[in-house]
Structure formats: structure tokens, C-alpha cells
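# Per-entry structural report
Each chain is listed here by its residues.
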Amino acid sequence: MSCEEASHVCDKAQYNESTFLERLKLRIHILFCDLCKKHTIDNHKLTETIKKSNIVCLDSKSKSEMKKCLEKEIKNQNAKH
Ligand SMILES: [Zn+2]
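What counts, and at which threshold
Residues numbered from 1 in each chain as written. Predicted model: local features only at pLDDT ≥ 70, side-chain atom pairs only at ≥ 80, totals over all residues. Heavy atoms only, no water. Salt bridge = Lys/Arg side-chain N within 4 Å of Asp/Glu carboxyl O. Helix = DSSP H or I, 4+ residues; strand = E, 2+ residues; numbered from the N terminus. Donors = N, O, S within 2.8 Å, 3.2 Å for Na, K, Ca; no water. Core = buried A, V, L, I, M, F, W, Y, C linked by side-chain atoms within 4.5 Å. Buried < 20%, exposed > 50% of the residue type's maximum accessible area, 1.4 Å probe, protein only. Contact = heavy atoms within 4.5 Å. Expected span 1.5 Å × (residues − 1). Arc of directions from axis to C-beta.

Once that is clear, we can look at the pattern of salt bridges. Tallied over the entire structure, the rule returns three salt bridges. Glutamate 22 serves as the salt-bridge partner of lysine 12, at 3.0 Å between the closest nitrogen and oxygen. Of this pair, lysine 12 sits in helix α1 (residues 3-14) while glutamate 22 sits in helix α2 (residues 20-32), placing them 10 residues apart in sequence. With its nearest N and O atoms 2.8 Å apart, the salt bridge here joins aspartate 42 to lysine 38.

The next subject is the coordination of the zinc ion. For the zinc ion, the protein coordination sphere consists of Cys3 (SG), His29 (NE2), Cys33 (SG) and Cys36 (SG), at 2.0 to 2.4 Å. Donor residues binding the zinc ion come from one chain and are separated in sequence as C-x25-H-x3-C-x2-C.

This paragraph deals with the nonpolar core. Judged by nonpolar contacts, Ala6, Val9, Cys10, Leu26, Ile30, Cys33 and Cys36 together constitute the single largest core of seven residues. If you tally residues by element for this core, the top one is α1, at three residues. With sequence-adjacent residues up to four places away left out, cysteine 10 is seen in contact with Leu26, His39, Thr40 and Asn43.

With that settled, the discussion passes to α1. When the terminal C-alpha atoms of α1 are compared, their 17 Å separation across 12 residues agrees well with the 16 Å that a helix rising 1.5 Å per residue should span. Every buried residue belonging to α1 is among Ala6, Val9 and Cys10, and all of these are buried. Taken around the axis of α1, the buried residues stretch over an arc of 105°, which confines them to a single face. If you follow the buried residues of α1, they end up packed against α2 and α3 (34-53).

In short, geometric facts, not functional conclusions.
Below, the structure written as C-alpha cells:
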């Protein structure tokens, strides 16, 4: 699996659209690839934060602004570790 594929599966997994085999391959890939591992963790954090925030209806501009804000927050968190 290439990094490009891994990132694609990671995005699909976020919406529960990935198959078991795809997720398995992704897991194996991130064992060897720190870049995709980081991407997967960030993606997961983002999904969890959005779920927790309970915001049902947002226009696309607010969504992208919120995403930017969350990504910044995640970077700050990572910097602390
Ligand atoms: Zn990779």
C-alpha cells in the first residue's frame, strides 16, 4: 500500500466507508510509516472532536474555519508531548 492509498483509506475510515481489509492494510502501513501514522491519529482526533462538539448544521465556510481551528489545536497538543 502506498502513502497515497493509506491516506485515502484513512479518510474513508473516518466516514465508515472502508472495508475490513482496507483498514487492516492501513494498520500494517502505519506500522512502518510515521507520516501516515500521524495523519491517521490527527484524522481520528478531528472526527472525535467534531462528534463531541455536537454541531449539526454548519455552512461550509464555518466548517472549514472550524477545521482550521481544530487542526491548530491538535498541533498545539502535539507540541506539548
Ligand atoms: Zn505512508
